[in-house]
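These are the residues of each chain, in order.
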Amino acid sequence: YPVEVYARSRFLSIEPKLGYVTGGTKVTLTFNNILFSSNLMCQFGDDIPTGANSHKSYIIPRSFLLEVTCITPQYYVSGPITVKLLSDGHSIAAGVFEFINR
């Protein structure tokens, strides 16, 4: 029987790439090769994960793209942090966002 191998889930982009430490920035994260996802959450650094909204998904040859929006939490320090996309509590992809002071 034929076997199809899919690439690992991968972070592609985040817009905007930075926001204020006071929180409230709406960010759009784009990932590929995410075929199944439920209970999506975004985790900024070590902060408590927050809800994520999948607002667009589309298929291109051999790749499934997913765009997710999240709102940044208030953060305690400026600088770059890791943003993880969680599905049912498991990290499926990650990227970088930078918090800046006002």
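Everything numeric in this text was worked out from a predicted model, so none of it was measured. (Residues numbered from 1 in each chain as written. Predicted model: local features only at pLDDT ≥ 70, side-chain atom pairs only at ≥ 80, totals over all residues. Heavy atoms only, no water.)

Can you walk me through the sheet that holds strand 8 (residues 79–87) in this structure?
The strands that make up a sheet are held in pairs by hydrogen bonds between backbone atoms, and each pair lies either parallel or antiparallel. Taken together, five strands build an open sheet; the order of strands is 2-9-8-4-5 and the sheet is mixed. Pairing within the sheet leaves two strands with one partner each, and these edge strands are strand 2 (18–20) and strand 5 (50–51). Two strands pair when backbone bridges link them, and strand 2 and strand 9 (residues 90–100) are joined in this way by three bridges, in the parallel orientation. Within the sheet, the bridge partner assigned to Leu18 lies in strand 9 and is Glu98. (Pairing = 2+ DSSP bridges. Helix = DSSP H or I, 4+ residues; strand = E, 2+ residues; numbered from the N terminus.)

Explain the side chain of Gln43 here, please?
Looking at the secondary structure, you find Gln43 in strand 4 (residues 40–44). A distance of 3.1 Å separates a polar side-chain atom of Gln43 from the backbone oxygen of Asp47. Excluding its chain neighbours within four sequence positions, the residues that come into contact with Gln43 are Pro49, Thr82, Val83, Lys84 and Leu86. (Polar contact = N/O pair within 3.5 Å; in protein donor to acceptor, adjacent residues only side chain to side chain. Contact = heavy atoms within 4.5 Å.)

What exactly am I supposed to notice about the packing of aromatic side chains here?
How two aromatic rings sit relative to each other is given by the distance of their centres and the angle of their planes. Enumeration according to the criterion identifies five aromatic pairs in this entry. When the ring of Tyr75 is compared with that of Phe99, the centres are 4.6 Å apart and the planes differ by 0°; the resulting orientation is stacked. One end of the pair, Tyr75, is in the loop between strand 7 (63–71) and strand 8; the other, Phe99, is in strand 9, and 24 residues separate them in sequence. The exposure class of Phe99 is buried, given its relative accessible area of 1%. Here a set of aromatic residues connected by ring pairs shows up, and it is made of Phe44, Tyr75, Tyr76, Phe97 and Phe99. If you follow Arg102 out to its NZ or CZ, it ends over the ring of Tyr20, 4.1 Å from the centre. (Phe/Tyr/Trp six-rings, centres within 6.5 Å; stacked < 30°, edge-to-face > 60°. Buried < 20%, exposed > 50% of the residue type's maximum accessible area, 1.4 Å probe, protein only. Lys NZ or Arg CZ within 6 Å of the ring centre and 35° of its normal.)

I would appreciate a short explanation of the pattern of salt bridges in the present structure.
Charged atoms that come close allow side chains of opposite charge to pair. Taken as a whole, this structure holds one salt bridge when the rule is applied. The salt bridge partner of Lys17 is Glu15, with a shortest N-O separation of 2.8 Å. Judged by its relative accessible area of 48%, Lys17 is partly exposed. (Salt bridge = Lys/Arg side-chain N within 4 Å of Asp/Glu carboxyl O.)

Even after reading the chapter, I still don't get the state of the cysteines, so can you show me in this structure?
Two cysteines, two sulfur atoms, one covalent bond between them: this is a disulfide. This structure, assessed with the given rule, holds one disulfide. Two residues share a disulfide in this structure: Cys42 and Cys70, whose sulfurs sit 1.7 Å from each other. Across the disulfide from Cys42 to Cys70, rotation about the S-S bond amounts to roughly 40°, and the bridge is consequently right-handed. Taken together, the residues span a long stretch of sequence, with Cys42 in strand 4 and Cys70 in strand 7 at a distance of 28 residues. (Disulfide = S-S within 2.5 Å.)

What is the right way to read the nonpolar core from this model?
Judged by nonpolar contacts, the single largest core of 19 residues is most densely connected at Leu29, Phe44, Val68, Cys70 and Phe97. Of all the elements in the fold, those that place two or more residues in this core are strand 3 (26–32), strand 4, strand 7, strand 8 and strand 9. With near-sequence residues (within four places) excluded, Leu29 lies in contact with Phe11, Ser13, Ile14, Cys42, Leu66, Glu67, Val68, Cys70 and Val83. (Core = buried A, V, L, I, M, F, W, Y, C linked by side-chain atoms within 4.5 Å.)

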